[in-house]
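Residues per chain are reported as follows:
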Amino acid sequence: MADNPGARHHSRFDDDLVGLDPHDPEAQAFAAHLDRMQRCEPAFTVEASLNRVAEFADSSNRAGGLRWWVAVTVVCLILLGVLVAAWDIIGSALEWLAR
């Protein structure tokens, strides 16, 4: 198999990945999954929130079938909520300006 130069080697998971080829894309994906599960970083910053959104988008792109449709539905519901809230705020602002 060809090496993936862009993939990182997660040395802290060597005990969990004993017997697996470190250059195997599936083993690298599993190590990346373990890294995401055990990552401890502050979640209250803008950068962390954007990283979580990016992780959600990446995992949605990897999913297929029903999981993909559920992810699309969640995103559509979030967008619908934002649109309804914006519509309400704009309506309230116009009503306030009309006084």
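Each value, and the rule that gives it
Residues numbered from 1 in each chain as written. Predicted model: local features only at pLDDT ≥ 70, side-chain atom pairs only at ≥ 80, totals over all residues. Heavy atoms only, no water. Helix = DSSP H or I, 4+ residues; strand = E, 2+ residues; numbered from the N terminus. Contact = heavy atoms within 4.5 Å. Areas by Shrake-Rupley, 256 points an atom, 1.4 Å probe, with all protein chains shown as cover. Phe/Tyr/Trp six-rings, centres within 6.5 Å; stacked < 30°, edge-to-face > 60°. Buried < 20%, exposed > 50% of the residue type's maximum accessible area, 1.4 Å probe, protein only. Patch = residues over 30% accessible without salt bridge, like charges linked within 9 Å, V, L, I, M, F, W, Y side chains within 5 Å. Salt bridge = Lys/Arg side-chain N within 4 Å of Asp/Glu carboxyl O.

Asks: Would you mind showing me how to read the overall build of the chain here?
Replies: A tally of regular secondary structure across the chain gives 3 helices and 0 strands. Along the chain direction, N to C, the helices and strands of the chain fall in the order α-α-α. Looking at the chain alone, contacts between residues at least 24 apart form 21% of all its contacts between residues at least 6 apart. Counting only carbon and sulfur atoms, one obtains 65% of the accessible surface of the chain, whose full area is about 8,300 Å².

Asks: Explain the packing of aromatic side chains to me, please; I cannot follow it from the model alone.
Replies: Any two aromatic rings considered together are summarised by their centre-to-centre distance and by the angle between their planes. For the structure shown, the criterion picks out 1 aromatic pair. A centroid spacing of 4.8 Å and a plane angle of 85° characterise the contact between Trp 68 and Trp 69, whose relative ring orientation is edge-to-face. By relative accessible area, Trp 69 is classed as exposed at 53%.

Asks: Would you mind going over a nonpolar patch on the surface with me for this structure?
Replies: Where nonpolar side chains cluster on the molecular surface, the patch consists of Phe 56, Leu 66, Trp 68, Trp 69, Val 70, Val 74, Val 75, Ile 78, Leu 79 and Val 82 and spans about 970 Å² of accessible area. With respect to the element layout, Ile 78 can be found in helix H3 (residues 66-98). Given a relative accessible area of 52%, Ile 78 falls into the exposed group.

Just distances and angles here, no functional claims.
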